[in-house]
Amino acid sequence: IDEGKDFYWNKGDPIITQDSEAPVLTASDVLEVTYQGLFDIVVLTDDYAAIEERRAVEGGTGYYEAVDDEPYLSSREAAIQSANAKLRKHAHLSKVITFSTWKPGLRPGQIIFANLPGDRLHNEDFLIDQVTFSEVGSDFYQYHVRAVSGESLGGWATFFKQMATRGQAFVIRENIREDQVLIRLVQSQEAWNWTEVMPVTVHACPIPSEHLYPSQTLDPC
């Protein structure tokens, strides 16, 4: 990538190459290479507001954990941004809709499109996770469907498909090895209450009337 350097190195390559126009090193020369080693980065982050929201709605601890292996990320900053992006995308509570229909063919795993402005649903994709049916009369079936909101980019089906086709190992690391770096993002919140007192001095003067006249000691408005 670079030009005009004395030596070159590529990521993942153990060979250091000297520039073809640079003078050849002799036995009396010393080549010193200072570098920072490559380590696996493990980023652990939480959304405490979302945890409290889950606990208030569902009970329990409120914690939901997920582990992704992303070997294509090559820096600490990129790993932190990826972890925070996943929190912004998945930490909120999912929406659930239920409805009944006479239309057959709906199956769990399918994506349906919901536009119900009265229920604050505006053009959202939902994943069908449950379909039950009951017979009404003779040969008439009513289907009861439950669907949940999913991953924002393409719905849950696309999300699962990407997981299956990425060809990467999703490994839960129970222990951090010596060749790994753990970055623990600790979020904190603080509320400041600001108050301000502003003294106001009102300067009023008397208004002339039939019984009020200016004098040497009185200057009406």
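Residues numbered from 1 in each chain as written. Predicted model: local features only at pLDDT ≥ 70, side-chain atom pairs only at ≥ 80, totals over all residues. Heavy atoms only, no water.

**Section: the overall build of the chain**
Now for step 1: The secondary structure content of the chain amounts to three helices and eight strands.
Now for step 2: Shown N-terminal to C-terminal, the secondary structure of the chain runs as helices and strands in the order β-β-β-α-α-β-β-β-β-α-β.
Now for step 3: Residues counted as buried form 16% of the 221 residues belonging to the chain.
Now for step 4: For the chain, the exposed area adds up to about 18,400 Å²; of that, 54% sits on carbon and sulfur atoms. (Helix = DSSP H or I, 4+ residues; strand = E, 2+ residues; numbered from the N terminus. Buried < 20%, exposed > 50% of the residue type's maximum accessible area, 1.4 Å probe, protein only. Areas by Shrake-Rupley, 256 points an atom, 1.4 Å probe, with all protein chains shown as cover.)

**Structural notes on unusual backbone geometry**
Now for step 1: Even without being a glycine, Asn 123 presents a positive backbone phi close to 55°.
Now for step 2: Tracing the backbone shows Asn 123 in strand S6 (residues 121-135).

**A few points about the pairing of strand S5 (residues 111-116)**
Every other side chain in a regular strand lies on the same face of the sheet, so the side chains alternate between the two faces.
Now for step 1: Relative to S6, S5 runs antiparallel, the two sharing five bridges. From the neighbouring strand, Ile 112 faces S6, where its bridge partner is Phe 126.
Now for step 2: What sits between the antiparallel neighbours S5 and S6 is a turn of four residues, in which Arg 120 has the positive phi angle 60°. (Pairing = 2+ DSSP bridges.)

**Side note on the side chain of Asp 19**
Now for step 1: Turning to its location among the elements, Asp 19 is positioned in the loop between strand S2 (17-18) and strand S3 (40-44).
Now for step 2: The side chain of Asp 19 is buried and forms no salt bridge, while Lys 5, the nearest opposite charge, is found at 10 Å.
Now for step 3: A polar contact of 3.0 Å, which involves the side chain of Asp 19, links it to the backbone nitrogen of Glu 21.
Now for step 4: Leaving out residues up to four positions away in the same chain, Asp 19 has contacts with Lys 5, Asp 6 and Tyr 8. (Lys, Arg positive; Asp, Glu negative; His and termini not counted. Salt bridge = Lys/Arg side-chain N within 4 Å of Asp/Glu carboxyl O. Polar contact = N/O pair within 3.5 Å; in protein donor to acceptor, adjacent residues only side chain to side chain. Contact = heavy atoms within 4.5 Å.)

**Focus: a nonpolar patch on the surface**
Now for step 1: Together, Trp 9, Ile 16, Leu 25, Leu 31, Val 33 and Tyr 35 line one region of the surface with nonpolar side chains, adding up to about 650 Å² of accessible area.
Now for step 2: Here Tyr 35 shows up in the loop between S2 and S3.
Now for step 3: Judged by its relative accessible area of 68%, Tyr 35 falls in the exposed class. (Patch = residues over 30% accessible without salt bridge, like charges linked within 9 Å, V, L, I, M, F, W, Y side chains within 5 Å.)

Worth remembering: the numbers are spatial, not functional.
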